[in-house]
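Residues per chain, in single letters:
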Amino acid sequence: QVQLVETGGGLVQAGGSLRVSCAASKGSVSTYRMAWFRQAPGKERDFVAGISWSGRNTYYADSVKGRFTISRSNTKNTVYLQMNSLKPEDTAVYYCAADYSLGTAVALMAYEYPYWGQGTQVTVSS
């Protein structure tokens, strides 16, 4: 029902910042809870951050708390992930995911999200 496209990935030095975006190229995400996952080579896909449909509820993985911020603009049909104080271990492909929900809970498992973008590469050099 929605098609997602991630942008904003790239190469950044450790300690730097980067913002990735997830825009719905088709459909609307205004009634969807959204999340960012990441997957490094040879590793499993991990939850990074999630946000409810209203934007009033957020949840972060312990590894990124205090460094990353998830936000959304329903008028722009876009979800953002601001990444600060980046570390080499943050290097991964970052994926945007969506699940229709008007609740406040943020799902933490990948299988709970039926809609996914193609991912954007984030590389942090040491």
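Here the structure is shown first, and the text comes after it.
Residues numbered from 1 in each chain as written. Predicted model: local features only at pLDDT ≥ 70, side-chain atom pairs only at ≥ 80, totals over all residues. Heavy atoms only, no water.

This part takes up the overall build of the protein chain. Helices and strands together make up the secondary structure of the protein chain, namely 0 helices and 11 strands. The helix and strand sequence of the protein chain, counted from the amino end, reads β-β-β-β-β-β-β-β-β-β-β. Computed over the C-alpha atoms, the radius of gyration of the protein chain is 13 Å, within 12% of the 14 Å expected from 2.2 N^0.38 for a compact globule of 126 residues. Considering only C-alpha atoms, the protein chain reaches an extent of 40 × 25 × 25 Å along its principal axes. Sequence separation of at least 24 residues holds for 61% of the intrachain contacts in the protein chain that already meet a minimum separation of 6. On the protein chain, roughly 6,400 Å² of surface is accessible, and the fraction owed to carbon and sulfur atoms is 48%. (Helix = DSSP H or I, 4+ residues; strand = E, 2+ residues; numbered from the N terminus. Rg over C-alpha atoms; globule rule 2.2 N^0.38 Å. Contact = heavy atoms within 4.5 Å. Areas by Shrake-Rupley, 256 points an atom, 1.4 Å probe, with all protein chains shown as cover.)

Two side chains bearing opposite charge may form a pair once their charged atoms approach each other closely. The full count for this structure, using the stated rule, is 4 salt bridges. Between Asp90 and Arg38 there is a salt bridge, with the nearest N and O atoms lying 2.9 Å from each other. Of this pair, Asp90 sits in the loop between strand S8 (78–83) and strand S9 (92–100) while Arg38 sits in strand S4 (residues 32–39), and the two are 52 residues apart along the sequence. With a relative accessible area of 12%, Arg38 lands in the buried category. For Lys65, the salt bridge goes to Asp62, with nearest N and O atoms at 3.2 Å. Each of the salt bridges in this network shares a partner with another, and the network as a whole consists of Arg38, Arg67 and Asp90. (Salt bridge = Lys/Arg side-chain N within 4 Å of Asp/Glu carboxyl O. Buried < 20%, exposed > 50% of the residue type's maximum accessible area, 1.4 Å probe, protein only.)

Counting 37 residues, the largest nonpolar core has Leu4, Met34, Trp36, Leu81, Met83 and Tyr94 as its most contacted members. Secondary-structure elements contributing two or more residues to this core are strand S3 (18–26), S4, strand S5 (46–51), strand S7 (68–73), S8, S9 and strand S11 (120–125). Ignoring any residue separated from it by four or fewer positions in sequence, one finds Leu4 in contact with Cys22, Ala23, Ala24, Val29, Met34, Cys96, Ala97, Ala98, Tyr115, Trp116, Gly117 and Gln118. (Core = buried A, V, L, I, M, F, W, Y, C linked by side-chain atoms within 4.5 Å.)

It is worth stressing that arrangement in space is one thing and function is another; only the former is reported here.
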